[in-house]
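Chain and residue survey
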Amino acid sequence: MYIEADPARLVTLGRVYEGSTVVHNTPLFPGQVKVGVEEVKDPDAPVPVPTDEVSLVGQTIHTFLAWLTHLVKSLSQQ
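Residues numbered from 1 in each chain as written. Predicted model: local features only at pLDDT ≥ 70, side-chain atom pairs only at ≥ 80, totals over all residues. Heavy atoms only, no water.

A short note on the overall build of the protein
Definition in use: Each helix is a run of DSSP H or I of at least 4 residues and each strand a run of E of at least 2, with the numbering of both proceeding from the N terminus. Relative accessibility under 20% of the residue-type maximum defines a buried residue, over 50% an exposed one, and the middle range a partly exposed one, all with a 1.4 Å probe and only protein chains included. Residues are treated as being in contact if the distance between any of their heavy atoms lies within 4.5 Å. Residues scored as positive are Lys and Arg, those scored as negative are Asp and Glu, and His as well as the terminal groups of each chain are ignored. Note that the charge is assigned to NZ on lysines, CZ on arginines, CG on aspartates and CD on glutamates.
A tally of regular secondary structure across the protein gives zero helices and seven strands. Along the protein, from the amino end to the carboxyl end, the secondary structure elements read β-β-β-β-β-β-β. For the protein, the spread of C-alpha atoms along the principal axes amounts to about 30 × 25 × 20 Å. Within the protein, the fraction of its 78 residues that count as buried is 33%. Excluding contacts between residues fewer than 6 apart, the proportion of contacts in the protein whose partners are at least 24 apart in sequence is 52%. Each charge class in the protein was averaged separately, 5 positive and 9 negative side chains, and the resulting centres sit 7 Å apart.

Laid out in structure tokens, this is it:
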């Protein structure tokens with residue numbers, strides 16, 4: 001997953017949960033997707049959809065969160 005930057009910057013690796021409509025009982029908005037973070041590349045980077053519990057990528061390991069769809073790319077698309 002990436003964050004907005006010039007150019008967009010890879011900050012974490014994980015899995016996309018296609019078809020999910022909620023994350024921790026919170027509905028996803030259009031343009032968002034549920035992801036599970038498996039590897040952190042930049043722990044100090046801000047997440048694009050912060051919550052009360054998570055604002056930095058370093059806080060996301062082994063958890064689910066919403067991520068902006070346009071910032072999620074397959075490793076084969078890099």
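Notes on the sheet that holds strand 3 (residues 12-16)
The cut-off we apply is this: Any two strands are treated as partners once DSSP identifies two or more bridges connecting them. In this analysis, axes come from line fits to C-alpha atoms, helices being fitted only over the stretch in contact, and the angle between any two N-to-C directions falls in the range 0 to 180 degrees.
Read from one edge of the open sheet, three strands run 3-6-7, paired in antiparallel fashion. Both outer strands of the open sheet, strand 3 and strand 7 (64-68), are each paired with one neighbouring strand and no more. If you compare each strand with its neighbour and ignore which way they point, the axes differ by 55° on average. Sheet topology places strand 6 (residues 32-40) next to strand 7; five bridges connect them, and they run antiparallel. From the neighbouring strand, Lys34 faces strand 7, where its bridge partner is Ala66.

Remarks on the pairing of strand 6
When strand 3 meets strand 6, the two strands line up antiparallel, connected through five bridges. Bridging across to strand 6, Val16 finds its partner in Val35.

Let's talk about unusual backbone geometry
Here Asp6 and Pro7 are connected by a cis peptide whose omega angle stands at 5°. Its place among the elements puts Pro7 in the loop between strand 1 (2-3) and strand 2 (9-10). Of note in the backbone geometry, His24 takes a positive phi value of approximately 50° without being a glycine. By relative accessible area, which is 56% here, His24 ends up exposed.

Details of the packing of aromatic side chains
For the record, the criterion: Classification of ring pairs rests on two measures: the distance between centres of Phe, Tyr or Trp rings, Trp counted by its six-membered ring, which must be within 6.5 Å, and the angle between planes, read as stacked under 30 degrees, edge-to-face over 60 and tilted in between. By the criterion adopted, a ring carries a charge over it if an Arg CZ or a Lys NZ lies within 6 Å of its centre and within 35 degrees of its normal.
The tally for this structure, following the rule as stated, stands at one aromatic pair. Their ring planes at 80° and their centres at 5.3 Å tell us that Tyr17 and Phe64 sit as a pair that is edge-to-face. One end of the pair, Tyr17, is in the loop between strand 3 and strand 4 (22-23); the other, Phe64, is in strand 7, and 47 residues separate them in sequence. On the basis of relative accessible area, Tyr17 is assigned to the partly exposed category, the value being 29%. The aromatic ring of Phe64 is capped on one face by Lys34, whose charged end is 4.5 Å from the ring centroid. Note that Lys73 overlies the ring of Tyr2, its terminal NZ or CZ placed 5.8 Å from the centroid.

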